[in-house]
Amino acid sequence: MLKMAMSVSPTSRQKRRRESHASISVPHPFDKCSKRTPDGLSPTDTSAAVNGGVLTTAFEPTLAQTEAEAIGIAAEMSIDFFNEAHVLYNMMSEIRLPTDEAKTMDVLMQRLDLHVHDENVLADAENVRNVYRGMVHVYVYLYRAHYRQFAALDMATHLSVCWHRLVAFVNEYHVFDPTLLHRSYEFTMQIVRDCERQQTHHHPSSSSS
């Protein structure tokens, strides 16, 4: 029954999905989205993603009335979320050291790339959940291994917006266990808070005379 609910033609899927954006220079279709990113989003705004203040998808939440429909939407949106993660991941390609962990992440990204483009893979609900778990793992890695580099490139806010969007979507459509999602989210936000404290310690504001 779940596979039947998720089996849609590529043409239908393309119409229902928001337009994919493989480059950060391509603007998101904000006018078609059901949610909006608040002005001045902070990388440490932990309430926005969980409480529904972050842009997620072109679909109204009320359309996802069953688990099958929610997973079907998640399957359709997976390529969009992967494209965002892929751009961010590639930004660190020249900085990333050839460690065992980095090689493992390369393999994960290659597998995710194959899966989000494979209709047969996305026809299975557990495969869809695994794709999103994999993307969450990618973001956790980017924050833990490269957040300082993103900040130095003045791209920390973009990283934050993409991560918040994924977290909000997974939370909104109950793609997988929220405990794992929230634990991963809090882990990344703790990294941001630690970096901000270090910056404040190294560059204290000068007192006014």
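Residues numbered from 1 in each chain as written. Predicted model: local features only at pLDDT ≥ 70, side-chain atom pairs only at ≥ 80, totals over all residues. Heavy atoms only, no water.

Peer 1: Report on the pattern of salt bridges, specifying residues and quantitative values.
Peer 2: Tallying each qualifying case throughout the model produces eight salt bridges. A salt bridge links Arg 133 to Glu 126, with the nearest nitrogen and oxygen atoms 3.1 Å apart. In the salt-bridge network here, residues are joined through shared partners; they are Glu 67, Glu 126, Arg 129 and Arg 133. (Salt bridge = Lys/Arg side-chain N within 4 Å of Asp/Glu carboxyl O.)

Peer 1: Would you mind going over the environment of Val 192 in detail, with residue names and values included?
Peer 2: Residue placement: Val 192 occurs in helix α9 (residues 178–202). Of the residues examined, Val 192 reaches a relative accessible area of 0% and is grouped as buried. Val 192 sits 45 residues away from Tyr 147 along the chain, and the two C-alpha atoms are 7.6 Å apart. (Helix = DSSP H or I, 4+ residues; strand = E, 2+ residues; numbered from the N terminus. Buried < 20%, exposed > 50% of the residue type's maximum accessible area, 1.4 Å probe, protein only.)

Peer 1: Lay out helix α8 (residues 156–172) with the relevant residues and their values.
Peer 2: Helix length check: α8 (17 residues) gives 24 Å between terminal C-alpha atoms against 24 Å at 1.5 Å per residue, within 8%. Burial analysis of α8 places 14 of its 17 residues in the buried class, the great majority of the element. Immediately downstream of α8, the backbone of His 174 shows phi near 50°, a positive value. (Expected span 1.5 Å × (residues − 1).)

Peer 1: Before we move on, could you go through unusual backbone geometry and cite the residues and values that matter?
Peer 2: A positive phi is found at Asp 154, a non-glycine position, where the angle reads about 60°. Position of Asp 154 relative to the elements: it lies in the loop between α7 (125–152) and α8. Of the residues examined, Asp 154 reaches a relative accessible area of 70% and is grouped as exposed. Positive phi, close to 50°, is recorded for His 174, a residue that is not glycine. Residue position: His 174 is located in the loop between α8 and α9. For His 174, a relative accessible area of 65% corresponds to the exposed category.

Peer 1: Let's hear about helix α5 (residues 100–116): which residues, and what values?
Peer 2: Over its 17 residues, α5 extends 25 Å from the first C-alpha to the last, a length consistent with the 24 Å expected when each residue adds 1.5 Å. Those residues of α5 that are buried lie in contact with α4 (67–91), α6 (119–122) and α7. (Contact = heavy atoms within 4.5 Å.)

Peer 1: Please provide a residue-by-residue account of the nonpolar core, values included.
Peer 2: Ranked by size, the top nonpolar core spans 52 residues in total, and within it Tyr 132, Val 138, Trp 163, Leu 166 and Phe 169 carry the most contacts. For this core, the secondary-structure elements that each account for two or more residues are α4, α5, α7, α8 and α9. Once you skip the residues sitting within four places of it in the chain, Leu 166 turns out to touch Phe 81, Tyr 132, Met 135, Val 136 and Tyr 139. (Core = buried A, V, L, I, M, F, W, Y, C linked by side-chain atoms within 4.5 Å.)

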